[in-house]
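# Inside the fold
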Amino acid sequence: SGAWKTNKSGSRYYYAGTYLKGLQTVDGIIRYFNKSNGYMVTNKTVVVDGVTYIFDENGVGSVYVEPEVEEPVAEEPVAEEPVTPETPAEEPTTEEPAADTPAEETPVAEPEVPETPVEEPAGDVSGN
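Everything in this summary refers to the structure shown in the same document. Every value quoted in this text rests on a predicted model; they were computed, and no experiment measured them. (Residues numbered from 1 in each chain as written. Predicted model: local features only at pLDDT ≥ 70, side-chain atom pairs only at ≥ 80, totals over all residues. Heavy atoms only, no water.)

To continue, consider the nonpolar core. Of all hydrophobic cores here, the largest spans six residues; its members are Tyr32, Val41, Val46, Val48, Tyr53 and Phe55. Elements represented by at least two residues in this core include exactly strand S6 (44-48) and strand S7 (51-55). If sequence neighbours within four positions are ignored, Val41 has contacts with Tyr32, Asn34, Val46, Phe55 and Gly59. Core analysis: the second largest hydrophobic core is formed by five residues, Tyr13, Val26, Phe33 and Met40 among them. (Core = buried A, V, L, I, M, F, W, Y, C linked by side-chain atoms within 4.5 Å. Buried < 20%, exposed > 50% of the residue type's maximum accessible area, 1.4 Å probe, protein only. Helix = DSSP H or I, 4+ residues; strand = E, 2+ residues; numbered from the N terminus. Contact = heavy atoms within 4.5 Å.)

What follows is the structure in structure tokens.
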């Protein structure tokens, strides 16, 4: 088993005659010890192998999990159509005769025949 040793520079954890360095679990608690001098870090955030750890004032560490922030869904602006008073569209009207009224007949023009002058025979028509 290991032992804690504290001096004016901080705390170290000794195990098998040497102090620990880096990320360690001591008595079930995540700790981080400075890699060069072995002192336990406090009030620091340390990234080890892409994982972020936060260490409090007592050197107790926890894995930082970035809070999930739901991004607000941007509502697309709806273009408001201009409000105009409704006027009925003018539809072309076709007047059809009522069912009980006979349809008007359109007179058909007779073809014009040119008048041919009648020639009277010359001479005495009296037969004498």
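What follows concerns the pairing of strand S4 (residues 22-26). Note: S4 against strand S5 (residues 29-33), five bridges, orientation antiparallel. Across the sheet, the residue bridging to Val26 is Ile29, located in S5. Joining the antiparallel neighbours S4 and S5 is a turn of two residues, in which Asp27 adopts a positive phi near 55°. (Pairing = 2+ DSSP bridges.)

Time to look at the sheet that holds strand S1 (residues 3-7). Pairing is antiparallel in the open sheet, where three strands are placed in the order S1-S2-S3. Every other strand in the sheet has two partners, leaving S1 and strand S3 (18-19) as the edge strands with one partner each.

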